[in-house]
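Structural features, examined
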Number of protein chains: 2
Amino acid sequence: MKELDYFFYPKSIAVIGASGKKDSIGKAIFENLHGNLRKGKHSAKIFPVNPNHKIILGKKAYASVKDIPSGIDLAVIIVPAKVVPAVMRECVEKEVKAVIIISAGFSEIGEKKLTAELSSIIEKNPNTKVIGPNCFGIFVTDNCLDTTFAEKRKMNYPRSGNVAFMSQSGAMGVAVLDWMSTQQFGLSKFISYGNAMDVDEADLLEYLSGDSKTKVISVYLEGVKEGRKFMKIAKSTSKRKPIVVLKGGVTEETHAATASHTGSLAGSAQVYEALFRQTGIVQANDMLELFVLSKILENAPLTRGKKVLIITNGGGYGIAAADQVIRKGLELANISKENSKKLRKAFPSTVTIGNPLDLVGDADDRRYQIAIESAIKDENVDMIMVLVLFNTPSIDRNIVKKIISLRKKCRKPMLVLSIGSRYTNERKTELEKGGVVTFNYPSGAAIALKGLYDYSRFRKYAP
Amino acid sequence: MKELDYFFYPKSIAVIGASGKKDSIGKAIFENLHGNLRKGKHSAKIFPVNPNHKIILGKKAYASVKDIPSGIDLAVIIVPAKVVPAVMRECVEKEVKAVIIISAGFSEIGEKKLTAELSSIIEKNPNTKVIGPNCFGIFVTDNCLDTTFAEKRKMNYPRSGNVAFMSQSGAMGVAVLDWMSTQQFGLSKFISYGNAMDVDEADLLEYLSGDSKTKVISVYLEGVKEGRKFMKIAKSTSKRKPIVVLKGGVTEETHAATASHTGSLAGSAQVYEALFRQTGIVQANDMLELFVLSKILENAPLTRGKKVLIITNGGGYGIAAADQVIRKGLELANISKENSKKLRKAFPSTVTIGNPLDLVGDADDRRYQIAIESAIKDENVDMIMVLVLFNTPSIDRNIVKKIISLRKKCRKPMLVLSIGSRYTNERKTELEKGGVVTFNYPSGAAIALKGLYDYSRFRKYAP
């Protein structure tokens, strides 16, 4: 077992500050952990720790972590900040392997004494690894280990999948967790790491780099603790799997705010951009971009080049997509002469053989099949954007199956763009379930493909 | 009645090419019009015209529009292109006021002879106004007049509201119509105008400028027919109400595609950008921007300046928003000294009095109320972005009512940003119903406020 494994796959957990009090964080966390144990989702033993109660929610409670008869892999601390150093000392004495400190009230509010005290304990005891303080904890989809305290009735959890998400900001993390549940991509591990007093973003990157459940690492980052260490680990991680980063505090005006938020130094936007470029990190400029980039990088193979073919049954939609392809720095593919001739023969004269390849409003699934098959074979085409407006009378549900089967044969990145309401969304969900990644807006799709292209280049040329 | 009123509020309609044939466009359009008449949604008389049938879907059919005993305000033509000129001549003889030609097969496929013939008839008979050919028709929400032919089971229609949408591209138009139904803003009139052989984008702008149901005009445009005319009308319209334009074919590479799509000349991106700036048009760079700009311009008052205050209960979310405010060219407001002092007294020490004004994770509706009330009064604040993460335990449903009531008192633009799944979306729907405009992503909200600011400046300084 690797050091950080104890955070994600513990066999025994102490909840220090567990409580039976209504609406308390201590109750929420204990119930999350214990509830999932009861449901058989994980098998870790759970021990409530609270000196003021003998029994908590029907379980025997211990006055101190030291009183627990067996060894402890993970302790979750939810006590007031001023008690944290004492509790942490007990964890060290108990030789707890991993500690998550949820409690806030340290450097993020300028509290120096407690911060120094806690920091000194952690430094002197490197065998007990710490995530936090001032964090939201972790959520692991493959064993349903959940140390977070969001109100379950107010949120949904994403399905199990291959995107890990780590966030310095706790609230941002929860909102993203909740939002991810509405999207067609799955989570492997969620980590809110707060002030990063011990385990920092670089350590977590390194761990996720070796995590077989994780294909893409998605990060909301306000600052980096140790530039050199981060750079080295990011670079070696990027050679194995993509990292997508949304940097908070990229403008001069927002530096100060990040400093007060998690107590980290934001650094200038230029410095970070250079750092990201050199380490193969794909930079997202907004939350939306973080999501579309994670989605494509989880799903699509690497691309050989940046030439995109747009296939559409809506002329205007195709042009809007072509505009975005160019704007984001990609190129429009020129269909090979040989394929152009074949397509000209196969299609009625109303179809424009070009890019966008406009199959026009009466296109059916057969026309799409011919166009996509031709694009798959065409040496001039690196990536395929399939635009489908499902509202037209000539498109029926067969097209979904055909696109899914073509996508399976296709070794190039291929995505579907479509926009509409209920009927269209049902078709898109079917596509996503069949492994086809879909988007609403041309800009999002183009950003996704550009990120994929940049990452593919890094992989090709990285020393 | 104004000339173009006959398109939108006709008392009698001939459907030329009406049909009882399953899956035909002639059947779809006739049923749409007749169905809404039967349901009492409009009171226009409908006459099917088709020389091959005596009865269509239970109604007496006429061999020619000329055989209809009463006068005709609007004719909808859905016959093959080669028959269109003859049918159009009959409409002229019948003195039909307005004609919508749905049929395609003219300049957009390079068909010169039929195009010239139809064009010549139209030119010689200015009393019969024509929309189309190669268009999708119109949809009016206040009387449910619907000449479109989308398959109803495959789409939803937006609710009645104050945004008019006009699109050169038909398929783009339908998809947007369908998509709008999923959004919390309403439509006044939808117009797909196709090749614009007679009534063009400028004529429609002028009409919508005087339309009391329309507060914002939203346009997907590939090219402008007469630059000077468009410029004059756009400028005078912008002085009354905002126009938002998504220009298709803005790159060198996509010019050619727009030319083949609706046969219009795209012109260079720079020329259009200058044209839009001079006429007060708010330019959208993508479909997403078209929507967010339409939404804010329908909802918010003009702004005095570009200083934005961000109020949040999630630090990271606030910083992401601040980054976008700066990136889009707006400014972060500095809370006035007097207000800062008051807020410092009112809030616990964990709250950061700055911008973002971070009310931190345990903020409740009372804390939000104090912050928003202070922002409404603060002379240094021009616009207010309220970020609410609804997943936190201390936020309950009361906050919705409070924000709605504060929004009513507020004469500055104020919007809500929030991201999540079911629970959050329910709260956002309640806010929207109460007149508060909401967004998911910081980038969309910042683009919306920047567009509002640009338009407000145009209104202030336009001669």
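Residues numbered from 1 in each chain as written. Chains lettered and ligands numbered in written order. Predicted model: local features only at pLDDT ≥ 70, side-chain atom pairs only at ≥ 80, totals over all residues. Heavy atoms only, no water.

With that settled, consider the sheet that holds strand β13 (residues 243-247) of chain A. Sheet strands associate in pairs through backbone hydrogen bonding, adopting either a parallel or an antiparallel arrangement. Residues and elements named next belong to chain A. In space, the 7 strands of this open sheet follow the order β9-β8-β11-β10-β12-β13-β14, with mixed pairing throughout. Strand pairing shows two members of the sheet lacking a second neighbour, β9 (145-146) and β14 (282-284), which therefore form its edges. The sheet contact formed by strand β8 (residues 137-140) and strand β11 (residues 187-192) spans 4 bridges and is antiparallel. Within the sheet, the bridge partner assigned to isoleucine 138 lies in β11 and is isoleucine 191. (Pairing = 2+ DSSP bridges. Helix = DSSP H or I, 4+ residues; strand = E, 2+ residues; numbered from the N terminus.)

Residues and elements named next belong to chain A. Across the junction of glycine 132 and proline 133, the peptide omega takes the value -5 degrees, indicating a cis bond. For the bond running from asparagine 355 to proline 356, omega is 10 degrees, close enough to zero to count as cis. Here proline 356 lies in the loop between α12 (337-346) and β17 (357-358). Its identity as a non-glycine residue notwithstanding, leucine 57 has a phi of 45 degrees, on the positive side. Following the sequence through the fold, leucine 57 ends up in the loop between β3 (55-56) and β4 (59-60). Residue classification places leucine 57 among the partly exposed positions, given a relative accessible area of 37%. Even without a glycine there, the phi angle at asparagine 134 is positive, about 60 degrees. Mapping asparagine 134 onto the fold places it in the loop between β7 (129-131) and β8. (Buried < 20%, exposed > 50% of the residue type's maximum accessible area, 1.4 Å probe, protein only.)

Turning to the relation of the copies chain A and chain B, a few remarks are in order. At an RMSD of 0.0 Å, chain A and chain B line up after a rotation of 180 degrees and a shift of 0.0 Å along the axis. Such a combination of turn and shift is consistent with a two-fold rotation axis. Closest approach to the rotation axis within chain A is made by the C-alpha atom of leucine 288 of chain A, at a distance of 5.7 Å. Comparing interface residues between copies, 100% of those in chain A also sit at the interface in chain B, which points to an isologous, same-surface contact. (Least-squares fit on C-alpha atoms with pLDDT ≥ 70 in both. Contact = heavy atoms within 4.5 Å.)

As a further point, take the side chain of aspartate 211 of chain B. All names here are of chain B. Mapped onto the elements, aspartate 211 comes out in the loop between α6 (201-209) and β12 (216-221). A polar side-chain atom of aspartate 211 sits 2.9 Å from a polar atom in the side chain of lysine 189. Every residue in contact with aspartate 211, bar those within four places of it in the chain, is listed here: Tyr9, Lys189 and Lys241. (Polar contact = N/O pair within 3.5 Å; in protein donor to acceptor, adjacent residues only side chain to side chain.)

A few words on the nonpolar core. Generally speaking, nonpolar side chains in soluble globular proteins are found buried as a group. Membership of the largest hydrophobic core comes to 220 residues, with the highest contact counts inside it found for Met385 of chain A together with Met385 of chain B. Contact partners of methionine 385 of chain B, with chain neighbours within four places excluded, come to Val308, Leu309, Ile310, Ile311, Ala321, Val325, Leu415, Leu417, Ala445, Ala446 and Leu449 of chain B. (Core = buried A, V, L, I, M, F, W, Y, C linked by side-chain atoms within 4.5 Å.)

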